Amino acid sequence: MSNLDLYLLTFLLYGALAVFFWRAQMRGEGEALNRSLIGHLVLVPLLTQGYLLSHSLRMLGEFNFGLANAVSLILWLTMLVYWLARFFYPICSLQTLVLPLAAVGVMLPALFPALHPLDYTVTLAFEAHIAAAMLAYSLLTIAVLHAVIISSVEKRLHHGSLPALLRNLPPLLVMESLLFRIIGIGFVVLTFTLASGMMFSEQVFGKPWEFSHKTVFGLLSWAVFAILLVGHHVYGWRGRTAVRWTVGGFASLLLAYIGTQFVLQILLHR
């Protein structure tokens, strides 16, 4: 089987599972099925996408870290985290929302196979830095999804109606507790990413920080999430305040790498 066939097969698997779980969620059976043997089927496209990513990131023997690979990797990690979290939390509704995103993500390297190798030697430690950065992105992607869903549920409850897809979610207090737990872990990983980035910047560019949009927005995102965590623990920030800060922090993080690479690779063709 060629890689293109495997890309299409993985896309169809994600899509089929998204439709299956969506229908099950509409019937109120999503969580039961997610915890049954059927829930393990998500592991199949996860494994095939992981295999495809490993090849795409090592295209022609170089570390190829273009925009399509980065977004695909972030969505793959997001799906992996959700699949693992299903063993501990009733999150079938959330996983159902992420499955279509994973289906789109798996096709990006196939549709946009541009080669963007790094211009310097990639060590195992640097790959760990990249992995931490992508994990931070995926965790904070999950956080912003949770924040948006919490905000939507609160608004719907005030109007006395709730879509079937969101009816089997954990209580809002549990969702908020989970939100800050995810943000806390994501913040720790982001801190490691920035610290290790300083080390590699000094090795590659000869100075601790290369002043760039990526650096500025990365630090801004770190500061926003730091303030949010302090505000939550000291002043009890929650609800809409927590949602706004989470969305703001994620927007800054998105601009730090994904936004910069979009401008460079898609708009400026560099």
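These numbers come from a predicted model, not from an experiment.

Calculation notes
Residues numbered from 1 in each chain as written. Predicted model: local features only at pLDDT ≥ 70, side-chain atom pairs only at ≥ 80, totals over all residues. Heavy atoms only, no water. Helix = DSSP H or I, 4+ residues; strand = E, 2+ residues; numbered from the N terminus. Buried < 20%, exposed > 50% of the residue type's maximum accessible area, 1.4 Å probe, protein only. Contact = heavy atoms within 4.5 Å. Areas by Shrake-Rupley, 256 points an atom, 1.4 Å probe, with all protein chains shown as cover. Salt bridge = Lys/Arg side-chain N within 4 Å of Asp/Glu carboxyl O. 1 Å grid on protein atoms, 1.4 Å probe; cavity = no way out; pocket = protein on both sides within 12 Å on 5 of 7 lines; lining within 4 Å. Points joined across faces, edges and corners; volume = space filled by probe spheres on them. Nonpolar A, V, L, I, M, F, W, Y, C, P; charged D, E, K, R; others polar. Core = buried A, V, L, I, M, F, W, Y, C linked by side-chain atoms within 4.5 Å. Expected span 1.5 Å × (residues − 1). Axes fitted to C-alpha atoms, helices over the stretch in contact; angles between N-to-C directions. Left-handed = near helix turned anticlockwise from the far one by under 90°. Phe/Tyr/Trp six-rings, centres within 6.5 Å; stacked < 30°, edge-to-face > 60°. Lys NZ or Arg CZ within 6 Å of the ring centre and 35° of its normal. Patch = residues over 30% accessible without salt bridge, like charges linked within 9 Å, V, L, I, M, F, W, Y side chains within 5 Å. Parallel < 35°, antiparallel > 145°, perpendicular 65-115°, else oblique.

Asks: It is not clear to me how the overall build of the protein should be interpreted in this structure. Could you clarify?
Replies: The secondary structure content of the protein amounts to nine helices and zero strands. Along the protein, helices (α) and strands (β) appear in the sequence α-α-α-α-α-α-α-α-α when read from the amino end. Put simply, the protein has 270 residues, and 47% of those count as buried. Long-range pairs, those at least 24 residues apart, make up 79% of the contacts in the protein with a sequence separation of at least 6. Looking at the protein as shown, the accessible area adds up to about 13,600 Å², and 71% of this sits on carbon and sulfur atoms.

Asks: Looking at this structure, how should I read the pattern of salt bridges?
Replies: Opposite charge on two side chains allows them to pair when their charged atoms are near. Taken as a whole and assessed by the stated rule, the structure comprises one salt bridge. Among the salt bridges present, the one from Glu176 reaches Arg238, with a minimum N-O distance of 2.9 Å. Taken as a pair, Glu176 in helix H7 (residues 172-205) and Arg238 in the loop between helix H8 (213-235) and helix H9 (239-267) lie far apart in primary sequence, 62 residues in all. Using a relative accessible area of 44% as the deciding quantity, one classes Arg238 as partly exposed.

Asks: How do you make sense of empty space enclosed by the protein when you look at a structure like this?
Replies: Rolled over the atoms, a probe as big as a water molecule pinpoints where empty space is left. Taken as a whole, this structure holds one cavity of 30 Å³ or more when the rule is applied. Of the pockets and cavities examined, the largest cavity occupies roughly 30 Å³. If you trace the largest cavity, you find it lined by Tyr7, Gln49, Leu52, Leu53, Ser56, Ser72, Val106 and Pro109. Listing elements by their share of the lining of the largest cavity, those giving two or more residues are helix H3 (43-57) and helix H5 (92-111). Its residues placed into classes, the lining of the largest cavity shows five nonpolar, three polar and no charged.

Asks: Quick question: what am I supposed to make of the nonpolar core here?
Replies: Side chains of nonpolar character tend, in soluble globular proteins, to be buried together. Counting 66 residues, the largest nonpolar core has Tyr14, Val42, Met79, Leu99 and Met134 as its most contacted members. Mapped onto this core, the elements with two or more residues apiece are helix H1 (3-26), H3, helix H4 (67-85), H5, helix H6 (124-158), H7, H8 and H9. Per-element accounting of this core gives the leading share, 16 residues, to H6. Setting aside chain neighbours within four positions, we find Tyr14 in contact with Pro45, Leu46, Gln49, Trp76, Met79, Leu99, Ala102, Ala103 and Val106.

Asks: Teacher, can you tell me more about H4 here?
Replies: Each turn of an α-helix holds 3.6 residues, which means side chains three or four residues apart point in the same direction. Given a rise of 1.5 Å per residue, 19 residues ought to cover 27 Å, and the 27 Å separating the end C-alpha atoms of H4 matches this to within 8%. In terms of residue burial, H4 counts as a mostly covered element, since 15 of its 19 residues are buried.

Asks: Any chance you could explain the packing of H1 against H3 here in plain terms?
Replies: The geometry of a pair of packed helices is captured by two quantities: the angle between their axes and the separation between those axes. Where H1 contacts H3, the axes come no closer than 9 Å and their chain directions differ by 145°. Relative to H3, the crossing made by H1 is left-handed. Listed contacts from H3 to Asn3, Leu6, Tyr7, Thr10, Leu13, Tyr14 and Leu17 of H1 are Val44, Pro45, Leu46, Thr48, Gln49, Tyr51, Leu52, His55 and Ser56. The residue inventory of the contact of H1 with H3, partitioned by class, reads ten nonpolar, six polar and no charged.

Asks: Quick question: what am I supposed to make of the packing of aromatic side chains here?
Replies: Any two aromatic rings considered together are summarised by their centre-to-centre distance and by the angle between their planes. Scanning all chains against the criterion turns up four aromatic pairs. Ring centres of Trp83 and Phe87 lie 5.4 Å apart, and the angle between their planes is 90°; on these two criteria the pair is classed as edge-to-face. With a relative accessible area of 41%, Phe87 lands in the partly exposed category. If you follow Arg86 out to its NZ or CZ, it ends over the ring of Phe87, 4.6 Å from the centre.

Asks: Please clarify how a nonpolar patch on the surface should be interpreted in this entry.
Replies: On the surface, a cluster of nonpolar side chains totalling about 250 Å² of accessible area is made up of Trp22, Met26 and Leu97. Counting through the fold element by element, Leu97 comes out in helix H5.

Asks: Looking at this structure, how should I read the environment of Val98?
Replies: By secondary structure assignment, the location of Val98 is in helix H5. Along the sequence, Val98 and Tyr14 sit 84 residues apart, while their C-alpha atoms lie 9.8 Å from each other. The residues contacting Val98, other than those within four sequence positions of it, are Thr78, Met79, Tyr82 and Leu145.

Asks: Quick question: what am I supposed to make of the packing of H4 against H5 here?
Replies: Where H4 meets H5, the axes come as close as 8 Å, and the angle between the chain directions of the two elements is 150°. On the basis of their axis angle, the class for H4 and H5 is roughly antiparallel. Relative to H5, the crossing made by H4 is left-handed. Contacts from Ala68, Asn69, Val71, Ser72, Leu75, Thr78, Met79, Tyr82 and Trp83 in H4 reach Leu94, Gln95, Val98, Leu99, Leu101, Ala102, Gly105, Val106, Leu108 and Pro109 in H5. In the contact of H4 with H5, the residues fall into 14 nonpolar, five polar and no charged.

Asks: Looking at this structure, I do not really get the environment of Ala132. What am I missing?
Replies: Relative to the helices and strands, Ala132 resides in helix H6. Using a relative accessible area of 9% as the deciding quantity, one classes Ala132 as buried. Here the alpha-carbon distance between Ala132 and Leu190, two residues 58 residues apart in the chain, equals 7.4 Å.

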